[in-house]
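Observations on chain architecture
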Amino acid sequence: MAVIKIDTTQYDAQLSEKEQRITSQFRRFGVEKLEVFGSDPIHYRQRAEFRVWHEGEDLFHIMFDQQTKEKIRVDEFDPAAPLVGEVMQAMIENLKGSEVLRRKLFQIDYLSSLSGEILVSLLYHKQLDEQWLQAIKELKATLSTQFKIDFIGRARKQKEVIGNDYVIERLNVNGKELIYQQVENSFTQPNAKVNIKMLEWAQALCQPLSNDLLELYCGNGNFSIALAGSFDRVLATEISKSSVYSAQYNIAQNKVENLDIIRMSSEEFTQAMKGERTFSRLDGIDLKSYNCQTILVDPPRAGMDTLTCDLVANYDNIIYISCNPDTLERDLDHLCKTHEVKRFAIFDQFPYTHHIESGVFLQRK
């Protein structure tokens with residue numbers, strides 16, 4: 001059996017290396033001491049994607065070595081949440097005996113939640129017919145005796161949903177349960193327990209703040225829902241349609257009444273704030289009525305463009321969540337002309353990799 005094992009004795013050392021690297025990179029902004037939030041050293045990923053290898057009657061998950069491109073058989077995967085690990089094994093056992101389900105299958109994606117739900121996506125180099133639909137429904141019935149499981153089948157220009165195309169996550173954040181719909185193929189934080197630490201850190205920042213909050217790149221409302229209780233009103237923007245739909249669902253489920261989400265890019269919102277363009281999507285929303293003194297941004301790896309940086313610099317308090325230290329450094333060069341770093345945290349979303357998530361709190365000088 002091929003097992004991707006983690007040497008957990010190395011975890012503290014690798015986290016310490018990240019702390020030293022980020023401290024060194026950002027020392028010129030006055031950062032002397034980071035707040036460091038570690039991960040569970042094993043079983044921390046709620047999402048996992050594998051290619052599928054066919055070898056005669058055998059069938060198994062594989063990954064590719066990033067350096068050598070060599071394929072690595074994966075029967076057990078230590079980084080995956082326990083639920084993902086259990087379902088991986090159950091899937092292989094059931095797929096091996098089903099010619100309909102295994103033929104032309106080339107990838108399996110797993111999306112799970114701490115609350116015990118899992119969504120399995122099967123990707124094919126063939127069109128999915130009635131025979132396939134019948135077989136996957138039978139598999140769902142079989143596995144539903146053990147797991148709260150749904151399926152998606154994908155082929156070229158085809159998507160078949162058996163159950164839901166999302167899982168419902170329930171996070172305990174500072175003693176309160178927050179509910180999040182997480183949709184297949186949409187962005188969600190892969191390390192749910194570290195996400196809780198990020199939300200609690202942000203809540204602590206916002207507790208003494210007041211007035212209104214603006215959030216750019218809000219995704220499914222991960223931060224804005226958790227922070228709504230600290231502000232009179234929250235206005236959030238997100239460009240992805242599926243994320244906006246999830247955010248609206250999450251607002252209703254969490255009974256948040258002071259949060260509005262607009263489907264706009266940060267660039268469009270900047271144009272609207274400057275009065276350069278009008279948008280029908282803003283009908284019924286009076287931007288001038290908001291008294292936002294705090295802004296939260298959680299941009300993609302590319303960071304923020306110059307115009308968005310200019311917009312962000314208009315706010316007294318800035319919370320910047322970053323998945324890329326290099327673009328964060330570039331943007332802080334811009335923001336620190338008017339603001340200074342008050343707190344700097346790192347969150348180990350991706351143990352045993354070079355990647356690190358950062359949180360920075362800036363206030364106007």
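In this text the structure is predicted, and so the values were computed from the model without any measurement.

1. Details of the environment of Val100
- Position of Val100 relative to the elements: it lies in helix α3 (residues 99–102).
- Linking Val100 and Leu133, residues 33 residues apart in sequence, is a C-alpha distance of 9.5 Å.
- Those residues within four positions of Val100 in sequence are excluded, and the remaining contacts are Lys126, Gln131, Trp132 and Ala135.

2. Looking at the packing of aromatic side chains
- The final tally for this structure, using the stated rule, is ten aromatic pairs.
- Geometrically, the ring pair formed by Phe26 and Phe29 is tilted, given 6.0 Å between the ring centres and 35° between the ring planes. Per residue, the accessibility class of Phe26 equals that of Phe29, and both read buried.
- Considering the side-chain rings of Phe50 and Tyr110, the 6.3 Å spacing of their centres and the 65° angle between planes classify their relative orientation as edge-to-face. One end of the pair, Phe50, is in strand β3 (residues 47–55); the other, Tyr110, is in strand β7 (residues 105–112), and 60 residues separate them in sequence. Tyr110 shares its class with Phe50; the two are buried.
- Against the face of Phe60 rests Arg73, its NZ or CZ located 4.0 Å from the ring centre.
- The ring of Tyr290 carries the charged tip of Arg233 above its face, separated from the ring centre by 3.8 Å.

3. Focus on helix α1 (residues 11–26)
- The end-to-end C-alpha distance of α1 is 23 Å, a good match for the 22 Å that 16 residues give at a rise of 1.5 Å each.
- Those residues of α1 lying buried are Tyr11, Gln14, Leu15, Lys18, Ile22, Thr23, Gln25 and Phe26.
- The secondary structure elements touched by the buried residues of α1 are β2 (35–37), α10 (325–335) and β18 (339–347).

4. Thoughts on the UniProt feature "binding site: S-adenosyl-L-methionine" (unreviewed entry) in the chain
- Taking the UniProt record as the reference, the feature "binding site: S-adenosyl-L-methionine" (unreviewed entry) is found at Gln189, Tyr217, Asn222, Glu238 and Asp298. Among the annotated residues just listed, those that line the largest cavity are Gln189.
- Along the chain, Asn222 turns up in helix α6 (residues 222–227).
- Of the residues examined, Asn222 reaches a relative accessible area of 10% and is grouped as buried.
- For Glu238, the position within the fold is in strand β14 (residues 234–238).
- A polar contact of 2.7 Å, which involves the side chain of Glu238, links it to the backbone nitrogen of Gly219.

5. A closer look at the pattern of salt bridges
- Enumeration over the complete set of coordinates arrives at 20 salt bridges.
- Salt-bridge contacts for Arg21 lead to Glu17; the nearest nitrogen and oxygen are separated by 3.2 Å. Taken together, the positions of Arg21 and Glu17, both in helix α1 and four residues apart, correspond to about one turn of that helix.
- With a relative accessible area of 38%, Glu17 lands in the partly exposed category.
- Residues Glu19 and Lys33 are paired through a salt bridge, measuring 3.6 Å at the closest nitrogen-oxygen approach. Highlighted residues: Glu19 in helix α1 and Lys33 in the loop between α1 and β2, separated in sequence by 14 residues.
- Sharing partners across several salt bridges, the network here consists of Asp58, Arg73, Asp75 and Lys96.

6. A short note on the sheet that holds strand β13 (residues 212–216)
- Taken in spatial order, the eight strands of this open sheet run β2-β18-β19-β17-β16-β13-β14-β15, and their pairing is mixed. On the outer flanks of this sheet lie β2 and β15 (259–263), each paired with one strand and no other. Strand-to-strand twist across the sheet, computed as the mean angle between neighbouring axes with direction ignored, equals 15°.
- Looking at chain direction, β2 and β18 are connected through three bridges and run parallel. In the strand pairing of β18, Glu35 is matched with Ala345.
- Contacts between α1 and the sheet are confined to β2 and β18, with β18 contributing the most and set at about 165° to the helix.
- Running at roughly 155° to β18, helix α5 (residues 192–206) makes contact with β2, β17 (317–322), β18 and β19 (357–364) of the sheet.

7. Details of the sheet that holds strand β9 (residues 148–155)
- With respect to topology, seven strands assemble into an open sheet ordered β5-β4-β3-β7-β8-β9-β10, the strand pairing being mixed. Because the sheet does not close on itself, it has two edges, and the strands there are β5 (71–74) and β10 (158–162). This sheet shows a mean twist of 30° between the axes of neighbouring strands, independent of strand direction.
- Pairing of strand β8 (residues 117–124) with β9 involves seven bridges; the strand directions are parallel. Looking at the pairing, Leu119 lines up with Asp150 of β9.
- Each of β8, β9 and β10 is contacted by helix α4 (residues 130–143), which is oriented at about 160° to β9, the strand it contacts most.

What counts and what doesn't
Residues numbered from 1 in each chain as written. Predicted model: local features only at pLDDT ≥ 70, side-chain atom pairs only at ≥ 80, totals over all residues. Heavy atoms only, no water. Helix = DSSP H or I, 4+ residues; strand = E, 2+ residues; numbered from the N terminus. Contact = heavy atoms within 4.5 Å. Phe/Tyr/Trp six-rings, centres within 6.5 Å; stacked < 30°, edge-to-face > 60°. Buried < 20%, exposed > 50% of the residue type's maximum accessible area, 1.4 Å probe, protein only. Lys NZ or Arg CZ within 6 Å of the ring centre and 35° of its normal. Expected span 1.5 Å × (residues − 1). UniProt positions renumbered as here; feature names shortened; annotations may be inferred. 1 Å grid on protein atoms, 1.4 Å probe; cavity = no way out; pocket = protein on both sides within 12 Å on 5 of 7 lines; lining within 4 Å. Polar contact = N/O pair within 3.5 Å; in protein donor to acceptor, adjacent residues only side chain to side chain. Salt bridge = Lys/Arg side-chain N within 4 Å of Asp/Glu carboxyl O. Pairing = 2+ DSSP bridges. Axes fitted to C-alpha atoms, helices over the stretch in contact; angles between N-to-C directions.

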